[in-house]
Amino acid sequence: MTGRNRSISGAGKTGDVRRRVQAEVRGAVQGVGFRPFVYQLAHKLALAGWVENTTFGVRLEVEGEVASVAVFLQEMETASPPNASVISVAVRDIEILEEDAFVIRQSASQGARIAQILPDLATCPDCLRELFDPQDRRHRYPFINCTHCGPRFSIVEDVPYDRARTSMRLFPMCPACRAEYEDPLNRRFHAEPNACPVCGPRIALWDGNGKELARDHGALLATAQAIREQKIVAAKGVGGFHLMVDARNEQAVLRLRTRKHRPEKPFAVMFPALADIERECEVSTEERALLLGPACPIVLLRRKSGSVAPAVAPGNPCLGAMLPYAPQHHLLMYELGFPIVATSANLSDEPICTDETEAFTRLAGIADVFLVHDRPIVRPIDDSVTRVVCGHDQVLRRARGYAPAPVRMEGLSAGILALGGHMKTTVAVTLEDAVLVSQHLGDLETAPARLAHDRAIDDMLKLRGLAPCVVVRDLHPDYATSRMASEMGPPVVGVQHHLAHVVACMAEHGIAPPVLGVAWDGTGYGTDGTIWGGEFLLIANNEWKRVAHLRPFRLPGGEIAVREPRRAAIGLLYEAFSADAFAIDAPAVVAFTAAERGVMQAALEQGINAPRTSSMGRLFDGFAALCGLRQFVSYEGQAAAEFEWAAGVVTPSRSYDFPLIPGTADGAPWVLNWKPALDALLADRLAGAPTGAVSAAFHTGLAKAVAAVAQQVGVPRVVLTGGCFQNARLTGEAVAALRLAGHEPVWHRRVPPNDGAIALGQAVWAAWSAKRDSA
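Read on for an overview of the structure. (Residues numbered from 1 in each chain as written. Predicted model: local features only at pLDDT ≥ 70, side-chain atom pairs only at ≥ 80, totals over all residues. Heavy atoms only, no water.)

What follows deals with unusual backbone geometry. The omega torsion of the bond from A403 to P404 falls at 10°, within 30 degrees of zero and hence cis. Relative to the helices and strands, P404 is located in the loop between strand 17 (392–397) and strand 18 (407–408). The peptide bond linking P513 to P514 adopts the cis configuration, its omega dihedral lying at 5°. The topology assignment puts P514 in the loop between helix 13 (497–509) and strand 24 (515–525). Here the phi dihedral of A46 falls at roughly 60°; this positive angle occurs in a residue that is not glycine. Judged by its relative accessible area of 65%, A46 is exposed. Positive phi, normally seen in glycine, also occurs at N609, with a value near 50°. (Helix = DSSP H or I, 4+ residues; strand = E, 2+ residues; numbered from the N terminus. Buried < 20%, exposed > 50% of the residue type's maximum accessible area, 1.4 Å probe, protein only.)

Once that is clear, we can look at helix 6 (residues 250–260). Within the span of helix 6, buried status applies to A252, V253, L256, R257 and K260. Buried residues of helix 6, viewed axially, fall in a sector of 140°; they line one side. Those residues of helix 6 that are buried lie in contact with strand 10 (241–246) and strand 14 (340–344). Measuring from the backbone nitrogen of Q251 back to the side-chain oxygen at the start of helix 6 gives 3.1 Å, which picks out N249 as the cap. Backbone geometry just downstream of helix 6 places H261 in the positive-phi region, at approximately 60°. (Arc of directions from axis to C-beta. Contact = heavy atoms within 4.5 Å. Polar contact = N/O pair within 3.5 Å; in protein donor to acceptor, adjacent residues only side chain to side chain.)

Before going further, it helps to examine the sheet that holds strand 18. Sheet architecture is open: six strands sit in the order 18-21-20-19-22-23, paired in mixed fashion. Of all strands in the sheet, those with a lone pairing partner are strand 18 and strand 23 (492–495), marking the two edges. Of the pairings in the sheet, the one linking strand 20 (residues 428–430) to strand 21 (residues 434–437) comprises three bridges and is antiparallel in character. The residue of strand 21 that forms the bridge with V429 is L436. (Pairing = 2+ DSSP bridges.)

Of all ten residues in helix 9 (residues 327–336), eight are buried; the element is thus mostly enclosed. All of the buried residues along helix 9 are P327, Q328, H329, H330, L331, L332, M333 and L336. After helix 9 finishes, the residue G337 shows a positive phi value of roughly 75°.

What follows covers the pattern of salt bridges. In this structure the tally under the stated criterion is 46 salt bridges. The salt bridge involving R202 is made with D216; its shortest N-O contact spans 2.7 Å. Of the two residues, R202 is situated in the loop between helix 4 (175–181) and strand 7 (203–207) and D216 in helix 5 (residues 216–228); the sequence distance between them amounts to 14 residues. A relative accessible area of 34% places R202 in the partly exposed class. A residue is classified by how much of its surface remains accessible, and D216, at 32% relative accessible area, is partly exposed. K675 is the partner of D679 in a salt bridge, and the nearest nitrogen-oxygen pair spans 2.8 Å. Note that D679 and K675 are positioned in helix 20 (residues 675–686) at a spacing of four residues, about one turn of the helix. On the basis of relative accessible area, D679 is assigned to the partly exposed category, the value being 31%. (Salt bridge = Lys/Arg side-chain N within 4 Å of Asp/Glu carboxyl O.)

Quick look at the environment of A705 now. The topology assignment puts A705 in helix 21 (residues 691–713). Of the residues examined, A705 reaches a relative accessible area of 4% and is grouped as buried. Distance in space between the C-alpha atoms of A705 and A767 is 32 Å, their sequence separation being 62 residues. Those residues in contact with A705 that lie beyond four places of it in its chain are F658 and L672.

All right, on to the side chain of R400 then. Following the sequence through the fold, R400 ends up in the loop between strand 17 and strand 18. We classify R400 as buried; its relative accessible area is 3%. Here C296 takes part through its backbone oxygen, which lies 2.9 Å from a polar atom of the side chain of R400. Filtering out sequence-adjacent residues up to four positions away, R400 remains in contact with D120, A295, C296, P297, Y325, I381, D382, D383 and S384.

Spatial relationships are all this shows, so hold off on functional conclusions.
Following this line, the structure appears as structure tokens:
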């Protein structure tokens with residue numbers, strides 16, 4: 001890839017025959033075969049010198065004819081390896097040494113630790129061909145890799161990236177692997193995880209009592225047979241364990257749901273090949289590119305009729321599909337020839353298992369057998385989740401294949417540590433020219449999850465050799481991350497939740513103020529102490545202002561309403577109709593007994609455990625409950641998702657009205673009034689309108705409301721962010737409405753719209769604020 005920045009000091013004097021330069025290269029240049037590429041390029045051009053990994057990237061010197069040196073510098077950027085990404089090259093002329101050889105030096109371990117660590121990469125075509133070649137010495141070897149593929153982030157212990165600083169240090173190379181490693185013409189030249197059946201990691205199958213049943217390829221064959229027999233397999237992979245069952249077998253999937261305590265949340269499915277996915281799902285060109293790319297994520301695809309059991313994704317028109325990405329998966333799927341559930345191996349709300357001993361304890365009672373290996377996993381890394389929205393890929397969970405790629409930004413202060421929120425957490429730390437965002441860590445509802453979050457903080461700081469100068473947290477006083485921040489020592493800065501959402505989207509796109517941020521989600525602590533979630537924020541001159549928000553309503557029962565959408569519906573009805581709300585014949589009302597309705601009415605009238613909120617997520621929940629879709633949920637966002645699905649492919653014929661009401665005082669935020677939409681829903685339901693038509697009108701009305709607020713504020717660029725914009729229909733319609741009104745919509749692509757982006761936004765806003773305050 002082409003470098004973005006190049007600085008050159010001197011350029012060889014006119015008339016010079018020879019030239020020697022030193023270049024410092026930054027970007028994704030370790031673990032991608034960049035040093036072997038430089039070595040081969042230098043030999044092709046008859047140049048002398050050396051190349052080495054450093055703590056910041058790659059340093060090299062080349063010497064030779066002036067024209068050849070110029071060609072080298074150009075091709076080093078334009079023809080670099082496919083997984084490399086050259087961000088900057090600093091070149092300076094130095095004294096000619098009259099050398100006649102080019103070598104790869106031992107890595108330099110001193111200096112600032114800013115070298116980019118590469119994500120784990122899916123098995124490349126060359127390795128895949130060798131994996132199934134009976135004549136190849138790595139035939140059926142489940143840890144085959146080269147400079148173009150294999151583990152990276154999951155095995156790195158320190159930088160610069162060398163075998164001695166990875167968990168592969170436990171496996172000394174045999175003579176054959178060492179010869180490949182030292183051969184400049186071999187694609188395993190300096191491939192740090194290089195291994196083979198003689199010297200590398202091995203796999204084994206254990207039963208539920210820890211007894212070894214088989215090893216090596218026999219373990220894979222026995223695993224395949226266990227899956228055929230409807231058993232649940234815990235399989236150690238690249239970044240942790242999967243739980244695997246036959247995705248075609250309804251009873252096997254239901255048994256997994258019971259044991260994992262996951263009654264309805266969709267499972268991901270691994271398919272043997274792309275053709276198998278295309279038989280089960282609709283696959284666009286963009287989706288196909290995601291499935292086949294080096295990240296090899298889970299991709300949300302619209303389902304067709306097929307062989308996957310209904311219990312895999314109950315009631316969901318989409319399926320989370322992925323292809324094998326590790327050699328072990330390719331071998332297993334080749335033996336099976338049918339799709340399998342491949343879901344994170346944990347109990348709900350706990351982090352993914354990474355160690356076989358830990359897995360044997362934590363997964364007892366869930367898995368029947370354990371497919372394990374002896375290559376240590378340095379850090380837990382879940383599968384990434386993506387989808388295509390408005391013709392562009394969008395990351396919904398940023399983990400394997402994407403993390404820890406940096407978000408590039410200039411002019412930052414290094415050492416700002418952001419702890420994220422409470423759900424779907426990540427952590428982030430600033431460098432001078434980038435923000436490093438961790439892999440997805442999950443919700444902080446349990447002690448093991450909070451411990452994993454603490455370890456991720458320590459891990460990120462250690463890899464960069466940093467001590468935080470500032471710690472950034474959410475404003476919510478009861479979040480675990482808020483308590484962590486207060487105990488860490490450095491100064492603490494609080495950043496409002498929805499502001500962090502907007503700034504994260506700005507950061508990933510590299511855009512500066514002014515922007516109008518539309519931040520819609522379930523919960524975020526507001527500066528006034530209430531629960532926000534339907535926000536319009538104006539960012540200008542590194543200041544921000546809440547210019548509009550959803551009309552507030554009460555949530556009877558407080559946090560219980562998150563799990564019971566019927567409570568959000570009652571809150572909406574009470575705000576609109578007061579005590580008459582409890583006489584309305586609607587599914588959400590009759591879902592309560594008369595006694596329960598009496599208690600809720602008293603609580604609402606007195607404001608007891610009924611906080612006010614402007615949450616768009618709860619508005620979705622309330623409307624879904626009023627349509628009779630869902631009164632209780634078993635996972636976050638379930639009611640809102642089913643309300644989205646209800647619209648299906650319905651073409652909008654009309655829209656509900658969400659008028660803007662001026663604020664009650666000069667400069668007060670405008671209010672987006674949902675009351676007319678509520679009236680329309682009740683009338684439509686009374687008239688027997690299908691839920692799909694109600695949902696379509698609701699989505700279209702909200703999209704038009706976004707454009708109306710943008711017109712009112714008058715800022716050309718509008719950022720769409722927050723968990724509600726995981727809703728592909730809402731995002732698509734909002735993008736279309738904004739473009740029609742002459743605005744430039746911006747939405748998430750490389751970082752999630754959900755709370756997985758909060759840490760990034762916190763870090764960037766803290767850096768901007770520090771720069772503003774020091775000016």
